[in-house]
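An overview of the molecular structure
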Amino acid sequence: MVTMSKQLDAAWRSITARWRRAHGAAQDSVTTESTSAGADWRVLLAALPDAAVVLDPASRVLDANRPFLELYPDVQIGAPLSRWLRNPDLFQAIEAGTESGQPEVVTLLHRLPVERRIAARAIRLDGRDMSNMPGGAPFMLITFRDLTEQDKLAQMREDFIANASHELRTPLASLRGFIETLQGPARDDAAARERFLALMAGQAARMTRLIDDLLSLSRVEMRAHVMPRGRIDLNEVASHVVETLRPVADAAHAEITLALASGKAGVRGDHDELVQVLTNLMQNAFIYGGTGVNVRVEVTKLPAEHGRPERVRLSVSDNGPGIAKEHLPRLTERFYRPSVSASRSKGGTGLGLAIVKHIVARHRGELEIHSELGKGSTFAVVLDQI
Ligand SMILES: Nc1ncnc2c1ncn2[C@@H]1O[C@H](COP(=O)(O)OP(=O)(O)OP(=O)(O)O)[C@@H](O)[C@H]1O
Ligand SMILES: [Mg+2]
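Everything in this summary refers to the structure shown in the same document. If you're wondering where the values come from, they're calculated on a predicted model, not measured in any experiment. (Residues numbered from 1 in each chain as written. Chains lettered and ligands numbered in written order. Predicted model: local features only at pLDDT ≥ 70, side-chain atom pairs only at ≥ 80, totals over all residues.)

So, on to the site of ligand 1. What surrounds ligand 1 is a group of 22 residues, the closest being Asn284, Ser343, Gly348, Gly352 and Leu353. Looking at which element gives the most residues to the shell around ligand 1, the answer is helix 9 (residues 271–289), with five residues. (Near = placed C-beta within 6 Å. Helix = DSSP H or I, 4+ residues; strand = E, 2+ residues; numbered from the N terminus.)

Rendered as structure tokens:
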């Protein structure tokens, strides 16, 4: 970063020097003009996208732009910057920059009101002698870039990769264990071989599911800004998914009730994605609802209200154990599971609801989650009717 900005600065200096040599006469007229209109630099300062402040040689604030004042609202023009920004590294950077004329970059850590990491870059303003300028001579420009958002994204990416590799490593380790056993101690044990092969198939299926889920997630994310164009009848989606999942429900000894809306329940959407939403929600109800769970799939039309158009609600309710309140806000995060071992033992990877959330967002819809311990859960998707 630092070297790149130094290189850029050097390049800029040599370009302006060459320009000055080539336009000697023109440059003189620029000088006279800007001295008379001494506020030129303020216009540039105001136009900078990053927070920026200009100091005079005594490190007093000559002017600051709006992003700077949003970052440091207490700073007052005309007073020394050190009154508000007491960071010794920053003032060392200002000193070093004053000496060398090179840009100096330091990282500032603010704890209040919220934790923030900010890169401050101090550069001496070389050039014409502006000491006669009305209101003081601009001497040092400091720009501030908030790195917090960028850090958060990097952390999310790191967590995501760590989680995904961890989820793959578990079945992989167990597959390697089975392979070693089959090559060694169980080499001639036909019964053990049968048993192990079935377990290995299960682990391989788990890895395939994880990779499929990761791919679905990245596909939906990639198309997040493109609103789906299809005309979909949610009654039809609900009937189709319920029929497809009947064998799964039977295996889980679950009861399904299906209640459709009257007429067509038309929404703008992507058929396969909406099928996936309902499949993920129903599978969760079967898996976490416990044996003999009742699962109700319902399509309802909501009347227009509060300036909103008519909408369609597709919900999946179960009378299972429910989810504790503290988990609800994080339920749709990737890999988040209230109980990792309980989910994993049922083949879960914690991506199902993250996929649902992304699909619903792409459809510009709303995802509602209601759940209470001992009473069951309802997950609903609400989309504008067409
Ligand atoms: N209907 C439900 N009843 C109780 N708990 C639920 C229900 N639906 C989801 N959960 C909880 O939410 C967690 C996250 O669900 P999600 O579908 O995102 O992941 P998963 O089911 O663990 O794995 P995957 O869907 O990727 O196979 C689950 O592990 C479970 O603890
Ligand atoms: Mg799930």
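That shown, we press on.
With that settled, the discussion passes to the sheet that holds strand 10 (residues 311–318). Taken together, five strands build an open sheet; the order of strands is 7-9-10-12-11 and the sheet is mixed. Unpaired on one side and paired on the other, strand 7 (255–259) and strand 11 (366–372) mark the two borders of the sheet. The average angle at which neighbouring strand axes cross in this sheet is 15 degrees, direction not considered. When strand 9 (residues 294–302) meets strand 10, the two strands line up antiparallel, connected through eight bridges. Bridge assignment links Leu302 to a residue of strand 10, and that residue is Arg311. (Pairing = 2+ DSSP bridges. Axes fitted to C-alpha atoms, helices over the stretch in contact; angles between N-to-C directions.)

What follows deals with unusual backbone geometry. Not every positive phi belongs to a glycine, and His306 is a case in point at roughly 45 degrees. For His306, a count of 4 C-beta atoms within 10 Å puts it in the exposed group. One non-glycine residue, Arg364, adopts positive backbone phi at about 55 degrees. With respect to the secondary-structure elements, Arg364 resides in the loop between helix 11 (352–362) and strand 11. We classify Arg364 as exposed; it has 12 C-beta atoms within 10 Å. (Buried ≥ 20, exposed ≤ 12 C-beta atoms within 10 Å, placed from the backbone.)

Here the focus is the nonpolar core. Leu234, Leu278, Met282 and Val295 are the most contacted members of the largest nonpolar core, which has 38 residues in total. For this core, the element with the highest residue contribution is helix 9, accounting for seven residues. For Met282, the residues in contact, after removing those within four places along its chain, are Val241, Leu245, Val295, Val297 and Val316. Judged by nonpolar contacts, the second largest core, of 21 residues, contains Leu45, Ala120, Ala122 and Met140. (Core = buried A, V, L, I, M, F, W, Y, C linked by C-beta atoms within 7 Å. Contact = placed C-beta atoms within 7 Å.)

Moving on: the pairing of strand 3 (residues 104–110). Pairing geometry for strand 3 and strand 4 (residues 116–124), over seven bridges, is antiparallel. By the bridge assignment, Leu108 is partnered in strand 4 with Ile118. Between the antiparallel neighbours strand 3 and strand 4 lie five residues.

Taking 1.5 Å as the rise per residue, helix 7 (residues 190–222) with 33 residues should run 48 Å; its terminal C-alpha atoms sit 48 Å apart, in good agreement. Residues of helix 7 that are buried: Arg206, Leu210, Asp213, Ser216 and Val220. On its buried side, helix 7 packs onto helix 6 (148–183), helix 9 and helix 11. (Expected span 1.5 Å × (residues − 1).)

Read across the sheet, five strands follow the order 2-1-5-4-3 without closing on themselves; strand pairing throughout is antiparallel. Every interior strand has two partners, whereas the edge strands, strand 2 (61–64) and strand 3, have only one. Mean inter-strand twist for the sheet, computed between neighbouring axes without regard to direction, equals 25 degrees. Note: strand 1 (residues 51–55) against strand 5 (residues 140–146), five bridges, orientation antiparallel. Paired with Ala51 across the strands is Phe144, a residue of strand 5. Packing against the sheet, helix 5 (residues 88–100) makes contact with strand 3, strand 4 and strand 5, and its axis sits at approximately 20 degrees to strand 4.

Let us now look at the environment of Phe144. Its location among the elements puts Phe144 in strand 5. Taking the C-alpha atoms as reference points, Phe144 and Ala122, separated by 22 residues in sequence, lie 9.0 Å from one another. Those residues within four positions of Phe144 in sequence are excluded, and the remaining contacts are Asp50, Ala51, Phe68, Leu71, Ile118 and Ala120.

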